[in-house]
Amino acid sequence: MSKLWGGRFTKKTDQLVEEYTASILFDKELAEEDIQGSIAHVMMLGKQGILPLDDVEKIKDGLHRVLQRIHRNDIEFSISDEDIHMNIEKTLIDDVGPVGGKLHTGRSRNDQVATDMHLWLRKRVVEFVDLLHKLQAALVEQAKANLDTILPGYTHLQRAQPILFAHHMMAYVSMFGRDIERLQDSYKRINMLPLGAGALAGTTFPIDRHYVASQLKFDRVYENSLDAVSDRDFILEFLSHASIIMMHLSRISEELIMWSSTEFHFVELDDAFCTGSSIMPQKKNPDVPELVRGKTGRVYGNLIGLLTVLKSLPLAYNKDMQEDKEGMFDTVRTLQGALQLFAPMIATMKVNKDRMRQAVNQDFSNATDIADFLVGKGLPFRQAHEVIGKTVLYCIQQGKYLLDLTLDEFKQFSKLFDDRIYSVLQPENVVNARNVYGGTATAQVSDAIGRAEAELEKTAAWTKEYIERSR
């Protein structure tokens, strides 16, 4: 069959041009959404009297059969038919005859492909909210199991102050919570209908775009036809959010990699999420977090790539915009793989409480509390800071830690020291002294866990609602 747009041309398309410009090798991912949009479109054509109802039913039935064949992998897509839209339309015409050619009445591939991507991406956004919800739940469970586990907190990768391991886990719950909020907010910009914008200017047919929107469960219709076919902000927004999620995953990956090393030995990842060495039999490598850390770069690259494609494009549609899909598909696959693995990896992670406590006992991360103790005695903070600096230096020179010092040794640095300093310096007391909203005290972390569990319930309800809306 000749190309559906071939009437204007007197020569066949060069084979190399066909291969270079065809998108079917990747946009076949949109097949189900393309048929979903086409069914809504043809129903509207019938409702508006643009097509006879008999033709509408034939086309609808044919589209359902094409979809069934796609599900059975019974269709061989052709590069000569360029993209998923032309492949489906030709398959439909082969099935129902020339009446299938009426399907494209009142629309263009420009508004058709935009609609497909809106339909496809809104499903993925809901799926990612659900996957992040599962990861948050795993982190919360680790936090609940480790409310009595103390580890060194770090700044500049230097030991800073003791914190609860639960508090550390809850920091990531907060990060992924913001990721969920961003995805949920982006849904309203994804859930807009471009169909009916035509190639760029609308159509002469008396279509009803709001009817199509209701059939496809879109909340809004694009106000401007030029904007409708040229807008890829919704993809950029998703790629940006995905990049931030991957950055968060990469940060926790880095910590898991360090913590599972012999030098730290704070955690042990389950064997199911690690691999061995082909030459060193003793090795247990944290390959999953390492790959997540590495794959973060490709997600960033997809965002920068699309920003670069779009930066100089005049309105409305340009062939450059074909480059919007592969990066989006790749980011979805990359992020999906990472999130599917991360929740069970966190859930099965073993926490070495004794090793963390040993680390806290062999550092000076409780030094700030001595300064606070002296400030409470009336010494200005800057003077107290100097006293503690000299005290720590003395400990280093003597090969001791703060709790190893006698009271007389303390007093040589300040007469304000008394026996209460030993209670102040106990790691549990250091942690629980930070009893402010958002702090690491056990009571505060317990409250944070309670708030997080309430948010988890809200997220679960949102996901359930929007999965139903996307069907």
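As annotated in an unreviewed UniProt entry, the protein chain is Argininosuccinate lyase from Paenibacillus solisilvae. Reading the Pathway (unreviewed entry) entry of the UniProt record for the protein chain gives the comment "Amino-acid biosynthesis; L-arginine biosynthesis; L-arginine from L-ornithine and carbamoyl phosphate: step 3/3." Here the protein chain is described in UniProt, under the heading Catalytic activity (unreviewed entry), as follows: "2-(N(omega)-L-arginino)succinate = fumarate + L-arginine".

Summarising the sheet, strand β1 (residues 150-155) and strand β2 (residues 158-164) pair through six bridges and their orientation is antiparallel. Across the sheet, the residue bridging to Ile 150 is Leu 164, located in β2.

Relative to the helices and strands, Arg 232 resides in the loop between α9 (225-230) and α10 (233-259). In this structure the side chain of Arg 232 is engaged in a polar contact, spanning 3.3 Å, whose partner is the backbone oxygen of Val 229. Here the side chain of Arg 232 touches Asp 324 through a polar contact of 2.6 Å, side chain to side chain. Not counting residues within four places of it along the chain, the set of residues in contact with Arg 232 comprises Val 113, Ala 114, Met 117, Leu 310, Tyr 317, Met 321 and Asp 324.

A word on the UniProt feature "domain: Argininosuccinate lyase C-terminal" (unreviewed entry) in the protein chain. Under the UniProt annotation, the feature "domain: Argininosuccinate lyase C-terminal" (unreviewed entry) is placed at residues 364-432. Secondary structure across residues 364-432 divides into 64% helix and 0% strand, with the first and last C-alpha atoms of the span separated by 17 Å.

Under the 1.5 Å per step criterion, the end-to-end length of helix α19 (residues 442-470) is 41 Å for 29 residues, consistent within 8% with the ideal 42 Å. Those residues of α19 not exposed but buried are Gln 444, Val 445, Ile 449, Ala 452, Leu 456, Thr 459, Trp 462, Thr 463, Tyr 466 and Ser 470. Elements that come into contact with the buried residues of α19 comprise α6 (109-145), β2 and α7 (165-190).

Here is what the cut-offs are and how they apply
Residues numbered from 1 in each chain as written. Predicted model: local features only at pLDDT ≥ 70, side-chain atom pairs only at ≥ 80, totals over all residues. Heavy atoms only, no water. UniProt positions renumbered as here; feature names shortened; annotations may be inferred. Pairing = 2+ DSSP bridges. Helix = DSSP H or I, 4+ residues; strand = E, 2+ residues; numbered from the N terminus. Polar contact = N/O pair within 3.5 Å; in protein donor to acceptor, adjacent residues only side chain to side chain. Contact = heavy atoms within 4.5 Å. Expected span 1.5 Å × (residues − 1). Buried < 20%, exposed > 50% of the residue type's maximum accessible area, 1.4 Å probe, protein only.

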